[in-house]
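Spelled out from the first residue to the last, the chains are:
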Amino acid sequence: MKRTVLLMLFLTLSFSLVSQTTIENFKSRKLNATRQLKIKLPKDYTAESNLKYPLIIVFDGDYLFDPVVGQTHFQTYFDDMPNCIVVGISQGKDRFYDSMVDEVTGLPFESGSRFFEFVGQELIPYLDEKYNTSNFRVAVGHNAMGNFSNSFMMKDLPLFQAYVNLSPDLIGEMGDNIVERLKWMKGDVFYYMATSSNDNTDLRKKILLTNKEIDAIDNPNLTYYFDDFEGESHYTLVTGAIAKAFDKIFEMYKPLREKELTEKVLPYDGTLDEYLVSRYNRIEELFGVVKPISEDEFQKVFAVAEERDDIESIEKLGKLANKLNPDLLIGNYYLAIYAEKIEKPKKAIKFYEEALLLSETETIKKDDIQSKLDNLIGSDSPLEGTKLIPGEVVVDFD
């Protein structure tokens, strides 16, 4: 029953996504042919916006496009990855010619070279000009096109920053080429590869050997993930692998979770506002998207600051929150708590008072602040019995 419900939900979602997909015929001089593109834009996409979106190119778009779009829809719903522009290249009967590579080197050859040039010299420039794409690009390929997608990594300036290899058919020396290239990659690169226990025997043997060699690479610019699915076939591994690949590639983008709070935030050597700023700067640097620091992130980091009795971080988190969200009361709320901790009640009253003049948030309400203010006034003898009116100035003689 549960499987039936999940299947119905998946079919409903797939129908909805397909109905939002644009089909475009692209005339290629390199191929001397017209290719069909499937294009899925983010729901909130507007050409006039300054927002940028990572670009996901799906080879074998005939059958891989919908699983990729479905997974992006699922993960963006939970804010586990940024909204992306997904473009599937329908290959059909041309797939054999598109994926043609040299049997020795594994690199594009003849018609494969023309397809390689079509993607790099025509398709990507066209998409970059027409849509608000960021510089972060992901290539997704299965089998022969998984092998082929690695060719774009061999350029001096790789066309993609992330590669999703779904049971790739590593022809000739391609496995060795991948290993050598990843050893010396200077820019950030994310590389994912998957096989399964019931995969094609020859493909699996080469994949496992290549994985062993990639796993031994010591390159700080490389982020590598590998999955060996139990019981899946060459085809059924695809959906699970896409989910795992995106989950890993966009791990930095995810909201702060307990693991990161415990392993990175709590022992961080510095004030926690610095951690937050550097984390979100890194997101922009990697993915080309600007992600605001949410109230939830502030609250989680504030809780860590209190746990480690880090008064300086509490103050700086308040200043950062005021800088980023001057209309919200969260910054003044933190600054008031800081003032209380350093035993300056009049300053705390001032910050609570200013907070009452600003907009409340999901977790910090004005009633809570008023309650703290009343308690603080009641415990401060010079002001005992005084009714504080929002907007009234309290002079601090400390």
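Residues numbered from 1 in each chain as written. Predicted model: local features only at pLDDT ≥ 70, side-chain atom pairs only at ≥ 80, totals over all residues. Heavy atoms only, no water.

Student: How should the overall build of the protein chain be read in this particular structure?
Tutor: Regarding its fold elements, the protein chain presents 15 helices and eight strands. If you line up the protein chain on its principal axes, its C-alpha atoms span 85 × 50 × 45 Å. Looking at the protein chain residue by residue over its 398 residues, the buried ones come to 48%. Restricting the contact set of the protein chain to residue pairs at least 6 apart, pairs at least 24 apart contribute 72%. (Helix = DSSP H or I, 4+ residues; strand = E, 2+ residues; numbered from the N terminus. Buried < 20%, exposed > 50% of the residue type's maximum accessible area, 1.4 Å probe, protein only. Contact = heavy atoms within 4.5 Å.)

Student: Looking at this structure, I do not really get the packing of aromatic side chains. What am I missing?
Tutor: Given two aromatic rings, their pairing is described by the distance between the two centres and the angle made by the two planes. Applying the stated criterion across every chain yields a total of 27 aromatic pairs. Each member of the aromatic cluster is reached from another via a ring pair, and the members are Phe26, Phe59, Phe115, Phe116, Phe118, Tyr126, Phe148, Phe152, Phe160, Tyr163, Tyr191 and Tyr224. The ring of tyrosine 253 is capped by lysine 291, whose NZ or CZ atom sits 4.1 Å from the centre of that ring. Seen from the ring of phenylalanine 351, lysine 350 lies directly overhead, with NZ or CZ sitting 5.3 Å from the centre. (Phe/Tyr/Trp six-rings, centres within 6.5 Å; stacked < 30°, edge-to-face > 60°. Lys NZ or Arg CZ within 6 Å of the ring centre and 35° of its normal.)

Student: What exactly am I supposed to notice about the side chain of threonine 21 here?
Tutor: Inspection of the secondary structure assignment puts threonine 21 in the loop between helix 1 (2-19) and strand 1 (22-28). Setting aside chain neighbours within four positions, we find threonine 21 in contact with Lys38, Ile39, Lys40 and Phe65.

Student: Would you mind showing me how to read the environment of serine 167 here?
Tutor: Following the sequence through the fold, serine 167 ends up in the loop between strand 6 (162-166) and helix 6 (174-184). Of the residues examined, serine 167 reaches a relative accessible area of 0% and is grouped as buried. Along the backbone, serine 167 and isoleucine 207 are 40 residues apart, and their C-alpha atoms lie at a distance of 7.5 Å. Setting aside its immediate chain neighbours within four residues, serine 167 contacts His142, Asn143, Ala194, Asp199, Leu203, Ile207, His234 and Leu237.

Student: Which parts of the structure should I look at to understand the side chain of serine 151?
Tutor: Looking at the element boundaries, serine 151 is found in the loop between helix 5 (144-149) and strand 6. Classification of serine 151 as buried rests on a relative accessible area of 3%. If we ignore the near neighbours within four places in the chain, the residues touching serine 151 are Gly106, Leu107, Pro108, Phe116 and Met174.

Student: What exactly am I supposed to notice about the layout of surface pockets here?
Tutor: If you roll a probe as big as a water molecule over the atoms, it shows you where there is empty space left. Computed from the structure, the largest pocket encloses a volume of approximately 600 Å³. Lining the largest pocket are 29 residues, and of these Pro42, Asp44, Thr76, Pro82 and Asn83 sit closest to its centre. In terms of residue count, helix 2 (residues 61-77) provides more of the lining of the largest pocket than any other element does, five residues in total. Taken as a whole, the second largest pocket encloses approximately 520 Å³ of empty space. What lines the second largest pocket is a set of 21 residues, among which Tyr225, Glu251, Met252, Glu260 and Lys264 lie closest to the centre. For the lining of the second largest pocket, the elements supplying multiple residues, two or more each, are strand 7 (189-198), strand 8 (222-233), helix 9 (258-265) and helix 10 (272-287). Along the lines of polarity and charge, the residues of the lining of the second largest pocket split into eight nonpolar, two polar and eleven charged. (1 Å grid on protein atoms, 1.4 Å probe; cavity = no way out; pocket = protein on both sides within 12 Å on 5 of 7 lines; lining within 4 Å. Points joined across faces, edges and corners; volume = space filled by probe spheres on them. Nonpolar A, V, L, I, M, F, W, Y, C, P; charged D, E, K, R; others polar.)

Student: For this particular structure, what's the right way to read the nonpolar core?
Tutor: Soluble globular proteins tend to pack their nonpolar side chains together in the buried interior. Of all hydrophobic cores here, the largest spans 71 residues; its most connected members are Ile56, Leu166, Phe246 and Phe250. If you tally residues by element for this core, the top one is helix 13 (residues 330-341), at eight residues. By size, the runner-up hydrophobic cluster in this structure holds 44 residues, among which are Ile124, Tyr131, Ile178 and Tyr191. (Core = buried A, V, L, I, M, F, W, Y, C linked by side-chain atoms within 4.5 Å.)

Student: For this particular structure, what's the right way to read the pairing of strand 2 (residues 33-40)?
Tutor: Along a regular strand, successive side chains alternate from one face of the sheet to the other. In terms of strand pairing, strand 1 meets strand 2 through seven bridges, oriented antiparallel. The residue of strand 2 that forms the bridge with glutamate 24 is leucine 37. Counted along the chain from strand 1 to the antiparallel partner strand 2, the turn is four residues long, and its residue asparagine 32 has a positive phi close to 55°. In the sheet, strand 2 pairs with strand 4 (residues 85-89) via four bridges, with the strands oriented antiparallel. Pairing of leucine 37 across the sheet is with isoleucine 89, part of strand 4. (Pairing = 2+ DSSP bridges.)

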